[in-house]
Amino acid sequence: MDGARRVLDGDVLVENGRIKAVGPTGRRADGRAKPAVIDCKGLVVLPGLIQAHIHLCQTLFRGLADDLSLEQWLAQRIWPLEAAHTDASVHASAMLGAAELLLGGTTAILDMETVRHTGAAFEALESIGIRATAGKCLMDAPPPANPPGLRESTDAALTESADLCERWHGAAGGRLRYCFAPRFAPSCTGPLLRAVSDLAEHSGATIHTHAAETPLELDTVKRETGHDEIAYLDSVGISGPRAALAHCVWVDKDAIARLARQATNVVHCPSSNLKLGSGIAPIPEMLAAGCHVAIGADGAPCNNRLDAFEEMRLAALIQKPRLGSDALPAAQVLELATLGGARALGLGTEIGSIEVGKCADLIALDLAGPHAQPEDADLISRIVYSARAADVRHVIVDGKIVVRDGELKTADLAQIRKTANAEIRRLRRSVGL
Ligand SMILES: [Zn+2]
């Protein structure tokens, strides 16, 4: 994955967290200090996969909200559980999710946390070593739009967001960044959305929200604002290259043209859209119109995996019954999961490909398993259609080894599991679930 989409037999030299050279096997950049070597002979080295829509705060809720529509899923399970979160449970949830992501080859995410305890999530992200743009969820619309346990005043929501941005945007040597994260249009007032647009513009942070996920959501926005949702979001400044809109399932020609014109990032979440019964986003139509598209697993309770390989494979497959077997071929999907994600995070020049000068976010895949053989088949096909998260052998983020030989090096996985289980038991007791 470079400018020319070349597949090379070669070495990647990393220095000070950046890619210093990419060249033929056996020829390292120069004769200076001998670099430490990770032997990747027989492995496939890729840019780390990027998921531009994740809710780490929901990882603990995996398996607790199955087989519900979006509206039931939110009201009956997700909102009460999010409202019951503490610093400790948000931290545990982020550690569990980030461990799964790193072990599965996802090196960078755009993450929407819950309303409170976002600092605890950032502390987890800082220690575990994933690249993340994360933000506190904003929900200021009065009831019944939001549950009382999560709703905040517009001022409180914006003040805490600005403080978190000040503290975390650019932290950990730039590995951590902030996003302003209005939950979705029905949860937020117009003044909040306009203020978010201004704050993002001033700080250089990303805007991360959901849009056009279900027909009910579109009807609600239309009833309350008189506008189609994508046009409404655009009118309050939630658009453009700084904004990432998850889902965009229910978009017509006008909405697609507007998303393309504004260079707004669309984040496709195929598993989530299928599991919640939301629909199939018209991604090939959006790409043809010039839209910028990334992919993401969304939260653990609506997927239930945080597996970029699963999302890539499904992104390709779900379009084919509707548009024909040549819709969204493998190579295009791999771009969505790398360069598309990089662009959605505002890091298009920093990550998403193996090119000299970019950050060293790299993964090494072992495709020796029978499910990815024979080896002479097209490599991109083997990565997108055959590979799975468990095939990831090594992961490097910002030049640091975070997974080696399939083992997480930055945290104790047994401890993460133990803490996660204790925290979700406590949360379930507290909400009576
Ligand atoms: Zn989501």
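Structure: above.
Residues numbered from 1 in each chain as written. Predicted model: local features only at pLDDT ≥ 70, side-chain atom pairs only at ≥ 80, totals over all residues. Heavy atoms only, no water.

## Considerations on the coordination of the zinc ion
Within the protein, His 53 (NE2), His 55 (NE2), His 210 (NE2) and Asp 298 (OD) serve as the donor atoms for the zinc ion, at 2.0 to 2.2 Å. Every donor counted, the four donor atoms about the zinc ion form angles of 89 to 176 degrees at the centre, which fits irregular coordination. Donor residues for the zinc ion, ordered by position in the chain, follow H-x1-H-x154-H-x87-D. Highlighted residues: His 53 in strand β4 (residues 49–55) and Asp 298 in strand β13 (residues 298–299), separated in sequence by 245 residues. Given the relative accessible area of 0%, His 53 is considered buried. (Donors = N, O, S within 2.8 Å, 3.2 Å for Na, K, Ca; no water. Tetrahedral: all angles 85-135°; square planar, octahedral: opposite > 155°, others 65-115°. Helix = DSSP H or I, 4+ residues; strand = E, 2+ residues; numbered from the N terminus. Buried < 20%, exposed > 50% of the residue type's maximum accessible area, 1.4 Å probe, protein only.)

## As for the nonpolar core
Within the largest apolar cluster, 98 residues are counted, with the highest numbers of intra-cluster contacts made by Ile 128, Met 286 and Met 312. The residues touching Met 312, leaving out its near neighbours within four places in the chain, are Leu 49, Ile 295, Val 333, Leu 334, Ala 337, Ile 383 and Val 384. Residues Leu 68, Trp 73, Ile 78 and Trp 79 belong to the second largest nonpolar core, which totals 39 residues. (Core = buried A, V, L, I, M, F, W, Y, C linked by side-chain atoms within 4.5 Å. Contact = heavy atoms within 4.5 Å.)

## Here's the deal with the sheet that holds strand β14 (residues 362–365)
Taken in spatial order, the five strands of this open sheet run β3-β14-β15-β16-β17, and their pairing is antiparallel. Since the sheet does not close on itself, it has two edges, and those belong to β3 (44–47) and β17 (407–408), each with one partner. (Pairing = 2+ DSSP bridges.)

## Description of the packing of aromatic side chains
Within the structure shown, the criterion is met by three aromatic pairs. Measuring from centroid to centroid gives 5.0 Å for Phe 122 and Trp 168, while their planes differ by 5 degrees, and the two rings are stacked. You can see Phe 122 sitting in helix α3 (residues 118–128) and its partner Trp 168 sitting in helix α4 (residues 154–168), a full 46 residues away along the chain. Among the residues examined, Phe 122 registers a relative accessible area of 0% and is labelled buried. When the ring of Phe 122 is compared with that of Tyr 178, the centres are 6.1 Å apart and the planes differ by 25 degrees; the resulting orientation is stacked. One end of the pair, Phe 122, is in helix α3; the other, Tyr 178, is in strand β8 (residues 176–182), and 56 residues separate them in sequence. Pairwise contacts between aromatic rings join Phe 122, Trp 168, Tyr 178 and Phe 180 into one cluster. Between the NZ or CZ atom of Arg 167 and the centre of the ring of Trp 168, over which it lies, the distance is 3.8 Å. (Phe/Tyr/Trp six-rings, centres within 6.5 Å; stacked < 30°, edge-to-face > 60°. Lys NZ or Arg CZ within 6 Å of the ring centre and 35° of its normal.)

## Description of the pattern of salt bridges
Enumeration over the complete set of coordinates arrives at 18 salt bridges. Lys 222 is the salt-bridge partner of Asp 228, the closest N and O atoms lying 3.2 Å from each other. Given a relative accessible area of 40%, Lys 222 falls into the partly exposed group. (Salt bridge = Lys/Arg side-chain N within 4 Å of Asp/Glu carboxyl O.)

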